[in-house]
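One letter stands for each residue in the lines below.
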Amino acid sequence: MDKIKSDIRELSFEELVSYLNEIGEPAYRANQIFEWLYQKGASRFNQMTNLSQALRDRLASDLLFSEAVVAHEDVSNDQTRKVLFELQDKERVETVLIPTKTRATVCVSTQAGCKFGCRFCASGIGGWNRNLTAAEILNQILYMKKAASVHPLSHLVFMGVGEPLDNYDNLIKAIRVINSKKGINIGARRITISTCGVVPKIKKLAQEGLQIELAVSLHGSSNESRNVLMPVNKKYPVDELIAACKEYGQATKRQITFEYILIKGVTCTDQAAKELGHLLKGMLCKMNLIPYNPVSEFDHKTPTSEEMVSFRDRLEKLGIHATIRTPRGKDINSACGQLRHSVK
Ligand code: SAH
């Protein structure tokens, strides 16, 4: 019976070493192969010229070497670049490269669609189809690593389509390669996972021994307000979420970032500011305020700049360090919450 071939990028370094061992090759070949895959940007086994032809042929017969297929690409007038990738089964996901004066960040998707149905986000509108594999996650990053021009790729945010912690195993597998010196070599502190609040997985992540930045989409100041916008809150209420965040902070020594969407008259109100002050009292955290980016299916409004600044000032007075996130790539629908998944 034919075994379904797995992609070379599905193998962790250790798995590659043990595969090489099985086929009678020395372990140092794994270093060479990882270098080709993650540092030199090879796209075919035949480019791995320091391996014997016999080994290259063997790899090609045992393993797949998939490449990211680009279906569409847009560049914003602020130089943000959005790429729509088509996966082998015709699922499509979006990835964004965000250059700034000092760094280049890639915003990565982890699922084709999303199950969580937040009532302001485009990514969940078409439902959820499947998890991305570790190879599909890595391919988005490798493509953007080649595309980054002024600054080399330095930061990653798992803030694209999908809920990263709902695809936990593939996410961690990819992160181990991203984080490894032999792999893409991006430090854990330059990697941010954003979650809508999947409490058991936040606790699990705290125990991985990785100092990854955690961003938590809070978007409400109480169960009442959060239930309306984020159905996930019915399963994992806000007090459990805050407790898990504290646990994460203690285990990793990292400060949690809360993301908080600013919707006119809904989340950007005096009452919400007061409740947030109470909810986060004494907690080591910062707050990233995200102005609502329009999604045609919802009829929310973005507050005025004055309203947003005054909300931020109220939080600061209550002892919460808050900044307003500048939207990037809005003209090409690549700002927060505007990414979609589509099938051809
Ligand atoms: N599922 C993860 C990853 C998505 S990250 C999460 O929920 O955190 C994308 C961030 O953009 C999240 O904070 C999300 O809540 C926010 N977002 C979603 N829709 C938005 C919109 N229309 N305007 C601004 N931010 C939005």
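Heads up: the structure comes first, above all this text.
One structure accompanies this document, and this report is about it. (Residues numbered from 1 in each chain as written. Predicted model: local features only at pLDDT ≥ 70, side-chain atom pairs only at ≥ 80, totals over all residues. Heavy atoms only, no water.)

Details of the site of the ligand
Taken together, the neighbourhood of the ligand is formed by 21 residues, with Phe 120, Ser 194, Ser 217, His 219 and Asn 293 sitting nearest. Here a nitrogen atom of the ligand sits 3.1 Å away from a polar atom, N or O, in the main chain of Gly 162. Interatomic distance of 2.6 Å between a side-chain N/O atom of Ser 217 and an oxygen atom of the ligand. About the coverage of the ligand: the protein hides 96% of its 530 Å² of free accessible area. Taken together, the residues that form the shell around the ligand break down as eleven nonpolar, eight polar and two charged. (Near = heavy atom within 4 Å. Polar contact = N/O pair within 3.5 Å; in protein donor to acceptor, adjacent residues only side chain to side chain. Areas by Shrake-Rupley, 256 points an atom, 1.4 Å probe, with all protein chains shown as cover. Nonpolar A, V, L, I, M, F, W, Y, C, P; charged D, E, K, R; others polar.)

Observations regarding unusual backbone geometry
In this structure, Asn 185 is a non-glycine residue whose phi angle is positive, near 65°. Mapped onto the elements of the fold, Asn 185 is located in the loop between helix H5 (168-179) and strand S10 (191-195). Notably, His 219 is not glycine yet its phi reads approximately 60°, a positive angle. Its location among the elements puts His 219 in the loop between strand S11 (213-217) and helix H7 (223-229). A residue is classified by how much of its surface remains accessible, and His 219, at 4% relative accessible area, is buried. (Helix = DSSP H or I, 4+ residues; strand = E, 2+ residues; numbered from the N terminus. Buried < 20%, exposed > 50% of the residue type's maximum accessible area, 1.4 Å probe, protein only.)

What to know about the pattern of salt bridges
Scanning all chains against the criterion turns up 16 salt bridges. Among the salt bridges present, the one from Glu 15 reaches Lys 173, with a minimum N-O distance of 3.4 Å. With Glu 15 in helix H1 (residues 13-22) and Lys 173 in helix H5, this residue pair connects regions lying 158 residues apart in the sequence. Of the charged contacts, one joins Arg 254 and Glu 213 as a salt bridge, the two residues approaching to 2.6 Å between their closest N and O atoms. Remark: Glu 213 occurs in strand S11 and Arg 254 occurs in the loop between helix H9 (238-252) and strand S12 (256-262); sequence separation between them is 41 residues. Here Arg 254 matches Glu 213 in class, with each residue buried. (Salt bridge = Lys/Arg side-chain N within 4 Å of Asp/Glu carboxyl O.)

Describing the environment of Arg 130
Looking at the element boundaries, Arg 130 is found in strand S8 (residues 128-131). Look at Arg 130 and you get buried, because its relative accessible area is 19%. When the C-alpha positions of Arg 130 and Lys 203 are compared, they lie 23 Å apart, and in sequence the two are 73 residues distant. Look past the residues within four positions of Arg 130 in its chain and what remains in contact with it is Leu 87, Asp 89, Glu 91, Gln 111, Ala 112 and Glu 136. Within polar-contact distance, the side chain of Arg 130 engages the side chain of Glu 136 at 2.9 Å. (Contact = heavy atoms within 4.5 Å.)

Digging into the nonpolar core
Residues Phe 158, Ile 178, Phe 258, Met 287 and Phe 311 are the most contacted members of the largest nonpolar core, which totals 105 residues. Met 287 has contacts with Leu 218, Phe 258, Tyr 260, Leu 276, Leu 280, Leu 315, Ile 320, His 321, Ala 322 and Thr 323, leaving out every residue within four places of it along the chain. Val 96, Ile 98, Cys 107 and Val 161 belong to the second largest nonpolar core, which has six residues in total. (Core = buried A, V, L, I, M, F, W, Y, C linked by side-chain atoms within 4.5 Å.)

A short note on H5
Count 3.6 residues to each turn of an α-helix, and residues three or four apart come out pointing the same way. Taking 1.5 Å of rise per residue, twelve residues should cover 16 Å, and H5 covers 16 Å from first to last C-alpha, within 8% of that figure. For H5, every residue scored as buried is listed here: Tyr 168, Leu 171, Ile 172, Ala 174, Ile 175, Val 177 and Ile 178. Buried positions along H5 lie against helix H2 (28-39), helix H4 (134-147), strand S9 (153-158), S10 and helix H6 (199-206). (Expected span 1.5 Å × (residues − 1).)

Considerations on the packing of H5 against H6
Their axes nearest at 12 Å, the elements H5 and H6 cross at an angle of 30°. Considering their axes alone, H5 and H6 lie roughly parallel with respect to each other. For the element pair H5 and H6, the recorded crossing hand is right-handed. Counting all contacts with H5, which are made through Tyr 168, Asp 169 and Ile 172, the residues of H6 involved are Lys 201, Lys 204 and Leu 205. Of the residues belonging to the contact of H5 with H6, the class tally is three nonpolar, no polar and three charged. (Axes fitted to C-alpha atoms, helices over the stretch in contact; angles between N-to-C directions. Parallel < 35°, antiparallel > 145°, perpendicular 65-115°, else oblique. Left-handed = near helix turned anticlockwise from the far one by under 90°.)

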